[in-house]
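Structural overview
Residues per chain are reported as follows:
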Amino acid sequence: MNRALAFKLGAIAILILLLLIPLTMIDGLINERKRYQDGVINDIARSSSFNQQITGPILVVPYVKKYWKWMTNGKTGERHKEQREERGHLYFLPERFVFNSDLTTERRARGIYEALLYHSDSKVSGLFRVPEKMGLGTNFDQYRFSTPYLSVGINDIRGIRNDLKLHLNNQTLEFAPGSRAPILGDGVHAVLPMMDLEGGQTLEFAFDLKLQGTERFSLVPVGRDSRVVMKADWPHPSFFGDFLPSSSDVNDKGFTAEWQTSFFATNLEEILRRCHGDDHCNNLINRRFGVSFLDPVDQYLKTDRAIKYALLFITLTFATFFLFEILKRLAVHPVQYALVGLALALFYLLLLSLSEHIAFVKAYMISAAACVGLIGFYTSAVLRSWQRGLGFAGLLAALYALLYGLLSAEDYALLMGSLLVFGVLGCTMVLTRKLDWYSVGRSPSPRGGEPGGNKQP
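Residues numbered from 1 in each chain as written. Predicted model: local features only at pLDDT ≥ 70, side-chain atom pairs only at ≥ 80, totals over all residues. Heavy atoms only, no water.

**Some thoughts on the sheet that holds strand E8 (residues 171–174)**
- With respect to topology, 8 strands assemble into an open sheet ordered E8-E7-E11-E4-E3-E13-E16-E15, the strand pairing being mixed. If you trace the sheet from one side to the other, it starts and ends with E8 and strand E15 (247–251), each paired once. Strand-to-strand twist across the sheet, computed as the mean angle between neighbouring axes with direction ignored, equals 15 degrees.
- With 15 bridges joining them, strand E3 (residues 96–110) and strand E4 (residues 113–130) adopt antiparallel strand pairing. Following the sheet pairing, Asn 100 is matched in E4 by Lys 123.
- Docked against the sheet, helix H1 (residues 3–47) engages E3, E4 and strand E11 (201–214), running at close to 50 degrees with respect to E4. (Pairing = 2+ DSSP bridges. Helix = DSSP H or I, 4+ residues; strand = E, 2+ residues; numbered from the N terminus. Axes fitted to C-alpha atoms, helices over the stretch in contact; angles between N-to-C directions. Contact = heavy atoms within 4.5 Å.)

**Overview of unusual backbone geometry**
- The linkage connecting Gly 56 with the following residue, Pro 57, adopts the cis geometry, with an omega of 15 degrees.
- Structurally, Pro 57 is set in strand E1 (residues 52–72).
- Of note in this structure, Met 134 is not a glycine but carries a positive phi near 60 degrees.
- Within the secondary structure, Met 134 sits in the loop between E4 and strand E5 (143–145).
- Accessibility expressed as a relative area gives 4% for Met 134, which makes it buried.
- Within the chain, Asn 169 stands out as a residue other than glycine whose phi angle is a positive 50 degrees.
- As for its position among the elements, Asn 169 is in the loop between strand E7 (165–168) and E8. (Buried < 20%, exposed > 50% of the residue type's maximum accessible area, 1.4 Å probe, protein only.)

**Remarks on helix H6 (residues 310–327)**
- The terminal C-alpha atoms of H6 lie 26 Å apart, and with 18 residues this matches the ideal 26 Å at 1.5 Å per residue to within 8%.
- Two residues or fewer past H6, Arg 329 is found with a positive phi of approximately 55 degrees. (Expected span 1.5 Å × (residues − 1).)

**Focus: the pattern of salt bridges**
- Under the counting rule described, the total for this entry stands at 14 salt bridges.
- The salt bridge involving Arg 33 is made with Glu 356; its shortest N-O contact spans 2.8 Å. Of this pair, Arg 33 sits in helix H1 while Glu 356 sits in the loop between helix H7 (334–355) and helix H8 (360–382); the two residues are 323 residues apart in sequence, bridging distant segments of the chain.
- Accessibility expressed as a relative area gives 11% for Glu 356, which makes it buried.
- A salt bridge links Arg 287 to Asp 242; the nearest nitrogen and oxygen atoms lie 3.6 Å apart. Of this pair, Arg 287 sits in the loop between helix H4 (282–285) and strand E17 (289–292) while Asp 242 sits in the loop between strand E14 (238–241) and E15, and the two are 45 residues apart along the sequence.
- According to the relative accessible area criterion, Arg 287 is partly exposed, its value standing at 25%.
- Classification of Asp 242 by relative accessible area gives partly exposed; the value is 42%. (Salt bridge = Lys/Arg side-chain N within 4 Å of Asp/Glu carboxyl O.)

**Focus: a negative patch on the surface**
- Negative charge collects at one region of the surface, where Glu 132, Asp 141, Asp 196 and Glu 198 lie side by side.
- Position of Asp 196 relative to the elements: it lies in the loop between strand E10 (187–191) and E11.
- In this structure Asp 196 comes out as partly exposed when scored by relative accessible area, which is 43%. (Patch = residues over 30% accessible without salt bridge, like charges linked within 9 Å, V, L, I, M, F, W, Y side chains within 5 Å. Areas by Shrake-Rupley, 256 points an atom, 1.4 Å probe, with all protein chains shown as cover. Lys, Arg positive; Asp, Glu negative; His and termini not counted. Charge placed at Lys NZ, Arg CZ, Asp CG, Glu CD.)

**Details of the nonpolar core**
- Leu 59, Met 134, Phe 145, Leu 166, Leu 284 and Phe 293 are the most contacted members of the largest nonpolar core, which has 68 residues in total.
- Look past the residues within four positions of Leu 59 in its chain and what remains in contact with it is Leu 90, Tyr 91, Phe 92, Phe 128, Val 130, Pro 148, Tyr 149, Leu 150, Leu 192, Met 195 and Leu 203.
- Membership of the second largest hydrophobic core comes to 54 residues, among which are Ile 12, Ile 16, Ile 326 and Leu 351. (Core = buried A, V, L, I, M, F, W, Y, C linked by side-chain atoms within 4.5 Å.)

**Comments concerning H7**
- The end-to-end C-alpha distance of H7 is 32 Å, a good match for the 32 Å that 22 residues give at a rise of 1.5 Å each.
- Inspection of H7 places Pro 334, Tyr 337, Val 340, Gly 341, Ala 343, Leu 344, Ala 345, Phe 347, Tyr 348, Leu 351, Leu 352 and Ser 355 among the buried residues, and these make up the whole buried set.
- Of the surrounding secondary structure, the elements contacted by the buried residues of H7 are H1, helix H5 (299–308), H6, H8 and helix H9 (386–408).

**A word on the pairing of E11**
- Pairing of E4 with E11, which is carried by 14 bridges, proceeds in the antiparallel orientation. In the strand pairing of E11, Asp 121 is matched with Lys 210.

**Observations regarding the layout of surface pockets**
- Each pocket or cavity is described by its volume, and for the largest pocket that value is around 560 Å³.
- Lining of the largest pocket is provided by 27 residues; of these, Gln 37, Arg 107, Asp 295, Asp 298 and Gln 299 occupy positions nearest its centre.
- Its residues assigned to classes, the lining of the largest pocket shows 14 nonpolar, 4 polar and 9 charged. (1 Å grid on protein atoms, 1.4 Å probe; cavity = no way out; pocket = protein on both sides within 12 Å on 5 of 7 lines; lining within 4 Å. Points joined across faces, edges and corners; volume = space filled by probe spheres on them. Nonpolar A, V, L, I, M, F, W, Y, C, P; charged D, E, K, R; others polar.)

**Quick word on the packing of H1 against H6**
- Closest axis-to-axis distance for the H1/H6 pair is 11 Å, and the angle between their directions is 150 degrees. Looking at the two axes, H1 sits roughly antiparallel to H6. Crossing of H1 against H6: the hand is right-handed. Facing H1, whose interface residues are Leu 5, Lys 8, Leu 9, Ile 12, Leu 15, Ile 16, Leu 19, Leu 20 and Leu 23, H6 presents Ala 310, Leu 311, Ile 314, Thr 315, Phe 318, Phe 322 and Glu 325.
- Residues of the contact of H1 with H6, tallied by class, amount to 13 nonpolar, 1 polar and 2 charged. (Parallel < 35°, antiparallel > 145°, perpendicular 65-115°, else oblique. Left-handed = near helix turned anticlockwise from the far one by under 90°.)

Everything listed here is a matter of coordinates, which is why it stays silent on function.
Printed below as a string of structure tokens:
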């Protein structure tokens, strides 16, 4: 390889490395704008309501247990019995739990940033079966019970939008703020009339719950047999949690999802038993499932994904530029490479700034068209032909189209990227298969300069 070719390839390599500086700065700007957006979403949630999780209802029966304990006198060593009292709660989960919710979404804007809020209109129903003697058997007489109540854990009670009333058997009861159950955290409760604690009882319940929240909506399937149905106008649901929907239908108008669980799958009775005495039962409230109301691929994520291909994109563009140079025997200065590289880097800045105000597809098309037009106009002068400049611009436009395909087809991005690189390598090998690389960069021999063939005037 002659010195001119080595110098040119070295200069191109250095330029590619130097272009990583502005690309890194743009990438940092993307992360900064994303943090601004997250801050706005948190501010809007703070002034309205955060993500919501429903845990319950759970039947809570406070008790005082009397028992005798042997004690030893420290001075005399005599043993005697002392009566002690232990205060606690008995928790009962529903035998059947049915939850039907219709959700609508709403966008709240602050400046150029938006947050997605949802409004749920839910109908909750089911029944409790309280066992004879509260399931305590022969120990029943040791307990003295207080007024029972029904507790429902709700993450942010500021989001409640209706007057909660509990329909229990043939009675209507009022809910009050506070779950009164430390294991549930915040929420509401309804004081129940005294039950037939010794003989057992069946309690059918139902209530309507209108709730507002942001980002996520989830619940804990507390029933021995739980059935949950959610319908929403959001076309991009992201289901999460310990259980995926048993069936779902997602289209451009929204989604419908249904879950069905049992105690065998959730193991909530055992988890609740372990929670006794705990102020906060993470194992219970984390046994959840739900849906996220977030744009799965917003403009910042798409721009960040695009800039990850920037190095490959610039390398392919410089390789095409270099092929034009050697195949057409042109001399392109490294400064001209640098200007083309800066135009390619500015594409990502244009894409970021435009996508904050218009749809990402339109922002991409405008940014790509601006860069292709600018580089095509510039290269037509550098390559000394508007046809060559137009051809270079066409190849660049094809690269931008392929890049958008990579961004849109996330599952096939690696395959498409591999095929793209292989295709470019193949085209390069075909175009340069007859090229004498030793002659690249040398000055052409003067005409008539055949060895030993120079004629004397």
